Amino acid sequence: MLITHDTECALSILVELLNTAPEACGSEQLPDTAALDAFVVKQEISEIDSLTAADLAAVQLLRGRLREVFSARSTEDAAELVNAVVAAAGTTPRLTNHDHHDWHIHYFAPHAAIGDHLAAELGMALAFIVMAGERERLRRCEAPDCERVFVDLSRNRSRRYCDSRTCGNRLHVAAYRARQRSAEAEAVAAG
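Note that the structure is predicted; figures quoted are calculated from it, not measured. (Residues numbered from 1 in each chain as written. Predicted model: local features only at pLDDT ≥ 70, side-chain atom pairs only at ≥ 80, totals over all residues. Heavy atoms only, no water.)

A. Representation of the environment of Ala58 in the model. By the secondary structure assignment, Ala58 is in helix α4 (residues 53–70). A relative accessible area of 33% means that Ala58 is categorised as partly exposed. Taking the C-alpha atoms as reference points, Ala58 and Leu118, separated by 60 residues in sequence, lie 9.9 Å from one another. (Helix = DSSP H or I, 4+ residues; strand = E, 2+ residues; numbered from the N terminus. Buried < 20%, exposed > 50% of the residue type's maximum accessible area, 1.4 Å probe, protein only.)

Rendered as structure tokens:
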């Protein structure tokens, strides 16, 4: 699957946004406009004006709608959700080359509200995934106590955890220790 650099960046922002929700990490990671502003800066989201409480509410609402795409029962359901998000954003596709980036497409109007900006950009990134028949790449972490999401961009679609250093390692260590306890119990029983 060919994913352009700007789509990959949008998917990264998407995952980071979805994983700020209370259901993903236990508490609201975007509780106020200062946190939203920090998110915008960290994700290097361009063409954003000053943020308001209305912007924060719009982003939190959008986050929930985008998260629904990850749990859509069918491609048709996912497409319907993506179409609704993108349509509500009132997209304005245009070519641009800013901040030392080569030509790419922005799907939002210059200085659009952050909710519309993210709806257009992240919605279109999801649209490309759905259109390519790669919806199975939109995943939830398989760790039983984790609700984070990720986009599996591995060649063989084998990624199982939101972060192999935390959830993946934690589960692998737990399985190893269980095998060790089982082997010790068998040794005691046999001896």
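B. Structural detail: the state of the cysteines. The full count for this structure, using the stated rule, is 0 disulfides. Unpaired in this structure, Cys167 has its nearest cysteine sulfur neighbour in Cys162, at a distance of 3.7 Å. (Disulfide = S-S within 2.5 Å.)

C. Local environment of α4. For α4, which comprises 18 residues, the first-to-last C-alpha distance of 27 Å matches the rise-based estimate of 26 Å (1.5 Å per residue) to within 8%. Of all the residues in α4, the buried ones are Asp55, Leu56, Val59, Leu62, Arg63, Leu66, Arg67, Val69 and Phe70. The arc that holds the buried residues of α4, viewed along the axis, is 140°, so those residues lie on one side. Facing away from the buried side of α4, by more than 90 degrees, are the exposed residues Ala53, Ala54 and Leu61. The N-cap of α4, judged by a side-chain oxygen 3.3 Å from the amide nitrogen of Ala54 a few residues on, is Thr52. (Expected span 1.5 Å × (residues − 1). Arc of directions from axis to C-beta. Polar contact = N/O pair within 3.5 Å; in protein donor to acceptor, adjacent residues only side chain to side chain.)

D. Region of interest: a nonpolar patch on the surface. Taken together, the side chains of Leu95, Trp103 and Ile105 define a hydrophobic patch exposed on the protein surface, amounting to about 340 Å² of accessible area. Positionally, Ile105 belongs in strand β2 (residues 104–106). For Ile105, a relative accessible area of 34% corresponds to the partly exposed category. (Patch = residues over 30% accessible without salt bridge, like charges linked within 9 Å, V, L, I, M, F, W, Y side chains within 5 Å. Areas by Shrake-Rupley, 256 points an atom, 1.4 Å probe, with all protein chains shown as cover. Salt bridge = Lys/Arg side-chain N within 4 Å of Asp/Glu carboxyl O.)

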